[in-house]
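Residues per chain, in single letters:
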Amino acid sequence: MTSWVENAWYVASWDAGITSTPKARTICGIPMMFYRKLDRSVVAMRDACPHRMLPLSMGIKEGDSIRCKYHGLKLGPDGVAEEMPLRNDPVNKRICAETFAVHERHRFVWVWIGDKDKADPALIPDLWPCSADGWTFDGGYYHIACDYRLMIDNLMDLTHETHVHSSSIGQPEIMEAPLECEVKGDKVELWRWMSGIDAPPFWREALGKEGPVDRWQICQFLLPSSVMIDVGVAPVDAGATLANHDQGVRGMVVDCMTPETETSHHYFWGMARNFDINDVGFTARFKAQQGGVFAEDKVILEAQQQAIEQNPDLKMNSYSIDQGGVRARQIIARAIRAKEEQGA
Ligand code: FES
Ligand SMILES: [Fe+2]
């Protein structure tokens, strides 16, 4: 049994990360390769030649087809053989590499893991700020050597900001504000509302004003493995509420964790924002800054994964700060069980 949900879409890459040159990436334990056809649509194929299993990503592109680097078997973008290694051999159309359903949305290329006939784009997680009018979105990628669920725990628990990110977004008030959590179907929401506090340096600069602010952090977990965090500040006299807080500056931290193996994942991170959306310099500076913040998490989470492996006789414990991650894990486990019962 895997630790991830099947019959679900996972982010395979940022859209710009897939070109006409094959890219190898293991998704949910399956070695895949991705490339764009001449019409720019994306092909996802198992990264193993049907002949002797050399990775097809080492092959040579010929138009929309790929020729294996070892003995020259040529496969079309549907994975089906087009030419045999010996050119005079009749083409056996039963020779074929597995292909996967892909779909582009919210600046990402998504790949379907599970039964291909169930791949419905309507099931792609609704990361609406990544494509909404009045918002801009950019971000980056890290390979992280830990179970993807440790990153979900991390993102659904923002008390760690105080310690891990003390120089940028952390502030002691985070530890003092009450925490609320609610499960809505397959979603978990966890939030803090900090009223009348001093904005930390980043948010003070974004707001462009001195004075006390309301600050919020609203984390939302979405199956199979995304977290969006609604963050921002508004002047304390602007009347911002949990339901309506567009009075100040607002961002949506967007995180998609795609399992690679049981102990590693692909981490796609970014921020959508509704302020200064045409300021490309701000976007670039913020991306660099956010990359620095998430690099701090990478160090912590990879060390945590190692400690878990080195202490197999111990179990992690959950405190009140962990309720968001605990509930997200329960929803993941429930979805895994439901898929298994369907298949049984
Ligand atoms: S391994 Fe690919 S053609 Fe032989
Ligand atoms: Fe963090």
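Residues numbered from 1 in each chain as written. Chains lettered and ligands numbered in written order. Predicted model: local features only at pLDDT ≥ 70, side-chain atom pairs only at ≥ 80, totals over all residues.

Novice: I keep staring at the overall build of the chain and nothing clicks. Help me out?
Specialist: Summing up its helical and strand segments, the chain has 6 helices and 17 strands in all. Here the C-alpha coordinates of the chain stretch approximately 80 × 50 × 35 Å along the principal axes. Sequence-distant contacts, at least 24 apart, represent 55% of the contacts inside the chain between residues at least 6 apart. (Helix = DSSP H or I, 4+ residues; strand = E, 2+ residues; numbered from the N terminus. Contact = placed C-beta atoms within 7 Å.)

Novice: How should I be thinking about helix α6 (residues 323-343) in this particular structure?
Specialist: Spacing of three or four residues puts side chains on the same side of an α-helix, whose turn is 3.6 residues. Over its 21 residues, α6 runs 30 Å from end to end, which matches the ideal 30 Å to within 8%, given 1.5 Å per residue. What α6 keeps buried is the set G324, G325, A328 and I332. One face of α6 carries all of its buried residues, which in axial projection span an arc of 100°. Exposed residues lying more than 90 degrees from the buried face of α6 are Q330, R337, A338, E340 and E341. (Expected span 1.5 Å × (residues − 1). Buried ≥ 20, exposed ≤ 12 C-beta atoms within 10 Å, placed from the backbone. Arc of directions from axis to C-beta.)

Novice: Which parts of the structure should I look at to understand the sheet that holds strand β9 (residues 102-105)?
Specialist: The strands making up a sheet are joined through hydrogen bonds of the backbone, oriented either antiparallel or parallel. Strand order in the open sheet formed by 3 strands is β1-β10-β9, with antiparallel pairing between adjacent strands. Since the sheet does not close on itself, it has two edges, and those belong to β1 (8-14) and β9, each with one partner. The mean angle between the axes of side-by-side strands here comes to 35°, regardless of whether they run parallel or antiparallel. (Pairing = 2+ DSSP bridges. Axes fitted to C-alpha atoms, helices over the stretch in contact; angles between N-to-C directions.)

Novice: Sorry if this is basic, but what is going on with unusual backbone geometry here?
Specialist: Glycine aside, a negative phi is what most residues show, and trans is what most peptide bonds show. A cis amide bond, omega 0°, links L223 with the succeeding residue P224. Within the secondary structure layout, P224 lies in the loop between β14 (213-222) and β15 (226-235). With a phi close to 75°, R107 is a non-glycine residue in the positive phi region. Mapping R107 onto the fold places it in the loop between β9 and β10 (108-113).

Novice: Is there a simple way to think about the domain arrangement of the chain in this case?
Specialist: Accessible area lost when the parts come together is the quantity often used to give the size of an interface. In terms of domain boundaries, the chain breaks down into domain 1 (8-121) and domain 2 (133-343). Taking only C-alpha atoms into account, the centre of domain 1 sits 33 Å from that of domain 2. With 10 residues of domain 1 at the interface, the matching set in domain 2 holds 11 residues. Within the residue set of the side of domain 1 that touches domain 2, elements represented by two or more residues are β1 and β2 (23-27). Looking at the side of domain 1 that touches domain 2, the element that brings in the most residues is β1, giving 4 residues. (Domains from an automatic or database assignment.)

Novice: Is there a simple way to explain helix α5 (residues 280-310) in this structure?
Specialist: Across its 31 residues, α5 extends 44 Å between first and last C-alpha, which sits within 8% of the 45 Å expected from 1.5 Å per residue. Restricting attention to buried positions, one finds in α5 the residues F286, Q290, F294, D297 and L301. Residues of α5 that are buried sit in contact with β11 (136-144), α1 (148-155), α2 (160-164) and β17 (264-273).

Novice: I tried to follow the nonpolar core on my own but got confused; where do I start?
Specialist: A general tendency of soluble globular proteins is for nonpolar side chains to be buried together. Counting residues in each nonpolar core, the largest one holds 72 residues, and the members touching the most others are Y10, F34, A44, W110, V111 and M151. Per-element accounting of this core gives the leading share, 6 residues, to β10. When residues of this core are sorted by domain, at least three fall in each of domain 1 (8-121) and domain 2 (133-343). Membership of the second largest hydrophobic core comes to 8 residues, among which are V213, V233, A234 and A240. (Core = buried A, V, L, I, M, F, W, Y, C linked by C-beta atoms within 7 Å.)

Novice: Even after reading the chapter, I still don't get the pairing of β9, so can you show me in this structure?
Specialist: The side chains of a regular strand alternate, first on one face of the sheet and then on the other. Bridge count between β9 and β10: 4 bridges; the pairing is antiparallel. Note that in β10 the partner of H103 across the bridge is W110. In sequence, β9 turns back onto β10 through a hairpin of 2 residues, with H106 there showing a positive phi of about 60°.

Novice: How do you make sense of the environment of I229 when you look at a structure like this?
Specialist: Following the sequence through the fold, I229 ends up in strand β15. Distance from I229 to L158, taken between C-alpha atoms, is 9.9 Å for residues 71 residues apart in sequence. When sequence neighbours within four positions are dropped, the list of residues in contact with I229 reads L155, Q217, I218, C219 and V253.

Novice: What should I look at first to understand the sheet that holds β15 in this one?
Specialist: With antiparallel pairing, 7 strands are arranged side by side in an open sheet as β11-β17-β16-β15-β14-β13-β12. Since the sheet does not close on itself, it has two edges, and those belong to β11 and β12 (179-184), each with one partner. Ignoring which end each strand starts from, the neighbouring axes of this sheet average 15° apart. Bridge analysis of β12 against strand β13 (residues 187-197) gives 6 bridges, and the strand direction is antiparallel. Bridging from a neighbouring strand, E182 pairs with E189 of β13. Set on the sheet, α1 makes contact with β11, β14, β15, β16 (249-261) and β17; between it and β16 the angle comes to about 160°. α6 contacts β12, β13 and β14 of the sheet and is inclined by roughly 165° relative to β13.

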